[in-house]
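Overview (structure and organization)
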Amino acid sequence: MKVLFSCIGKVLHKAVHSQLQVINYLSTHMMAPVYKLTYFESKALGEPIRFLLSYGNIEFEDFRIDYDGPEWQKIKPTMPFGETPVLEFNGVTAHQSVAICRYLAKQVKLAGTNDLEDLEIDTIVDTVVDLRLRIDEYYYEEDAEAKEKRKKPLFEETLPFYMERIEAIVKKNNGHLAVGKLTWADLHFVGVLDYLNYMIGKNLIADYPSLQAMEKNVLNLPGIKEWVAKRPVTIN
């Protein structure tokens, strides 16, 4: 009888162990969201999203397309509003880069801990977006004469106006853009910085030591440091 119970126990143990292995496999390979980021062959608006995914050690397909190539014209009609970046996961197709960042920030614990913190984070992120749009107006102006007219007020008025205030915010917030700690606002700013630098032809934070320190801290974060080391080399 003891031998019988012993055999039954061994069989049950093996069965339970096998079931646990199946559950672990499903949890790891079947139930975890599979992320696919579709964006152009650049950092620009896609890089803050890549930063957040990398910071959270979330595996993702970095699907890059040539803006001037036939592939983009083929898939453009399938994109929401015909634009990128687009993040796909679990049957969801999300667009709007800041909205995607805000969602991912919650997943990787870089959002605010209450509504007031989220308001402060959103405010500075929207301010950075405003700055980018001002730079966009200059960079993407096709009329040479009109572009030249935009240059002086941008470089002598708009950029100093924004950058001096953003620098002061970081200095006041313990080296961060909001709430005195690391949030997705920091990752968003550093993520788009190369793109902004490319459009104005110089280092936007060259004269702002607090922002330089923040950039260094973000680029040295685990996950982001590894991503930067392996990401494709692009000019913006």
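Placed above this text is the structure.
Overview of the structure. Source: prediction; values computed, not measured.

About the criteria used
- Residues numbered from 1 in each chain as written.
- Predicted model: local features only at pLDDT ≥ 70, side-chain atom pairs only at ≥ 80, totals over all residues.
- Heavy atoms only, no water.
- Pairing = 2+ DSSP bridges.
- Helix = DSSP H or I, 4+ residues; strand = E, 2+ residues; numbered from the N terminus.
- Axes fitted to C-alpha atoms, helices over the stretch in contact; angles between N-to-C directions.
- Contact = heavy atoms within 4.5 Å.
- Buried < 20%, exposed > 50% of the residue type's maximum accessible area, 1.4 Å probe, protein only.
- Core = buried A, V, L, I, M, F, W, Y, C linked by side-chain atoms within 4.5 Å.

**Re the sheet that holds strand S1 (residues 35-40)**
The sheet built from four strands is open, its strands ordered S2-S1-S3-S4 with mixed pairing. Here the strands that pair on one side only, and so sit at the sheet edges, are strand S2 (60-65) and strand S4 (92-95). Mean inter-strand twist for the sheet, computed between neighbouring axes without regard to direction, equals 20°. Across three bridges, S1 lies against strand S3 (residues 86-89) in antiparallel orientation. Directly across from Leu37, in S3, lies its bridge partner Leu87. Along the sheet, helix H2 (residues 47-55) contacts S1, S2 and S3; its crossing angle with S2, the most-contacted strand, is approximately 165°.

**What to know about the environment of Asn217**
Within the fold, Asn217 resides in helix H8 (residues 209-219). On the basis of relative accessibility, which here comes to 47%, the residue Asn217 falls in the partly exposed class.

**Observations concerning the nonpolar core**
Trp184, Phe189 and Leu211 are the most contacted members of the largest nonpolar core, which totals 65 residues. Looking at this core element by element, the count peaks at eleven residues for helix H7 (residues 184-200). If near-sequence neighbours (up to four positions away) are discounted, Trp184 is found in contact with Leu52, Val98, Cys101, Arg102, Ala105, Leu110, Ala111, Ile121, Asp122 and Val125.

Honestly, that's just the spatial picture; any functional story needs more than this.
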